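Topology and contacts: notes
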Amino acid sequence: MAFGRSSLGSAAGGGGRAMGAGGQRPMSDINVTPLVDVMLVLLVIFIITAPLMASSIRLDLPRTGAGTANETPRFVGLSVDARGQTFLNDQPVTDEELATRLAQAAAADRTTEVQLRADQTVPYGRVVVLMGIANKAGLNRIGFVTEAPPADKPR
């Protein structure tokens, strides 16, 4: 007459393991289904109430000019083609002219960034020379401009 495991067991079950006096061992498995149910309910409650909590306080904030963003960051474009010719803002320059114009840009704004575009065939030494010219002029923020590789086509 035993229909399954019971935590109390009976001596006449036949389906359980026999222990000293013939009783069954208590079931030691933890049922996690109620725990998962409670956690999912709490998750749904938090998902629903989180946006309401963020916008529950309505404020009429004062207006001031101090919080406005500054003008866009300044930069100069420095390019080197495959032949080693240098261009500053798309105009060809020599190294001496480059040093002079970069010093003028640094005098106007020391946070000016040099965006360096170099052809992949340009020797590393030439790029380092240009970086040194920019650094001597007072511009130490240098960004290297690259192109992203072509995306793989879906099959």
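Preceding this section is the structure that the text describes.
Described in the following lines is the structure provided in the data block. Starting from 1, residues in each chain are numbered consecutively following that chain's sequence as written. With pLDDT at 70 or above as the cut-off, local features in this predicted model cover only qualifying residues; side-chain atom pairs require 80 or more to be listed or tallied, and sums for whole chains, interfaces and linings still use all residues. Processing note: side-chain calculations cover all non-hydrogen atoms of the structure and skip hydrogens and water entirely.

Definition used for salt bridges: Asp or Glu carboxyl oxygen within 4 Å of a side-chain nitrogen of Lys or Arg. One pass over the full model with this rule turns up 3 salt bridges. For Arg 83, the salt bridge is made with Asp 81, and the minimal N-O distance between the two is 3.4 Å. Classification of Arg 83 as exposed rests on a relative accessible area of 73%. The partner of Glu 113 in a salt bridge is Arg 141, and the shortest N-O contact between them spans 3.9 Å. In this pair, Glu 113 is assigned in strand β4 (residues 113-118) and Arg 141 in strand β5 (residues 141-144), connecting sequence segments 28 residues apart. Burial here depends on accessible area, computed with a 1.4 Å probe over protein chains only, as a share of the maximum for the residue type. Under 20% is buried, over 50% is exposed, and the range in between is partly exposed. Every helix listed is a DSSP run of H or I at least four residues long, and every strand listed is a run of E at least two residues long, numbered separately from the N terminus.

With that settled, consider the sheet that holds strand β3 (residues 91-93). Pairing between strands is defined by DSSP: at least two bridges between the two strands are required. Overall, mixed pairing links the 5 strands, which are arranged β3-β2-β1-β4-β5 in an open sheet. Each having just a single partner strand, β3 and β5 make up the two edges of the open sheet. Geometrically, the sheet is characterised by an average inter-axis angle of 30° between neighbouring strands, direction not taken into account. The pairing of strand β2 (residues 86-88) with β3 spans 3 bridges and is antiparallel. Across the sheet, Thr 86 pairs through a bridge with Val 93, a residue of β3. Lying on the sheet, helix α3 (residues 124-137) is in contact with β1 (75-80), β2, β4 and β5; it crosses β4 at an angle near 165°. As a rule, the C-alpha atoms of each element are fitted with a line to give its axis, helices using only the stretch in contact, and angles between N-to-C directions run from 0 to 180 degrees. We call two residues in contact when some of their heavy atoms are within 4.5 Å.

Taking 1.5 Å as the rise per residue, helix α2 (residues 95-108) with 14 residues should run 20 Å; its terminal C-alpha atoms sit 20 Å apart, in good agreement. Taken together, the buried positions of α2 are occupied by Leu 98, Leu 102, Ala 105 and Ala 106. Projection of α2 onto a plane perpendicular to its axis shows the buried side chains occupying an angular sector of 100°, all on one side. For α2, the exposed residues lying more than 90 degrees away from the buried face are Glu 96, Gln 104, Ala 107 and Ala 108. Packing partners of the buried residues in α2 comprise β1, β2, β3, β4 and α3. Helix span, expected: 1.5 Å multiplied by one less than the number of residues in the helix. By arc we mean the arc of the directions from the helix axis to the C-beta atoms, nothing more.

Time to look at the nonpolar core. Within the largest apolar cluster, 18 residues are counted, with the highest numbers of intra-cluster contacts made by Leu 78, Leu 88, Leu 98, Leu 102, Val 114 and Leu 130. For this core, the secondary-structure elements that each account for two or more residues are β1, α2, β4 and α3. It is α3 that contributes the most residues to this core, 5 residues altogether. Excluding residues within four positions of it along the chain, Leu 98 makes contact with Leu 78, Thr 86, Leu 88, Val 93, Leu 130 and Ile 133. Among buried residues, the Ala, Val, Leu, Ile, Met, Phe, Trp, Tyr and Cys ones that are joined through side-chain atoms within 4.5 Å form a nonpolar core.

This next bit is on unusual backbone geometry. Peptide bonds are trans in most cases, and residues, glycine excluded, mostly fall at negative phi. Residue Asn 89 is not a glycine yet carries a positive backbone phi of 50°. Its place among the elements puts Asn 89 in the loop between β2 and β3. Accessibility expressed as a relative area gives 39% for Asn 89, which makes it partly exposed. Residue Asp 90 is not a glycine yet carries a positive backbone phi of 65°. Relative to the helices and strands, Asp 90 resides in the loop between β2 and β3.

What follows is about the environment of Arg 110. Mapped onto the fold, Arg 110 is located in the loop between α2 and β4. For the pair formed by Arg 110 and Asn 140, sequence separation is 30 residues and the distance between their alpha carbons is 8.5 Å. Excluding its chain neighbours within four sequence positions, the residues that come into contact with Arg 110 are Gly 138 and Leu 139.

Pairing of β1 with β4, which is carried by 6 bridges, proceeds in the parallel orientation. Paired with Val 80 across the two strands is Ala 118, which belongs to β4. With 4 bridges connecting them, β4 and β5 associate as parallel partners. Note on β5: the bridge partner recorded for Val 114 is Ile 142.

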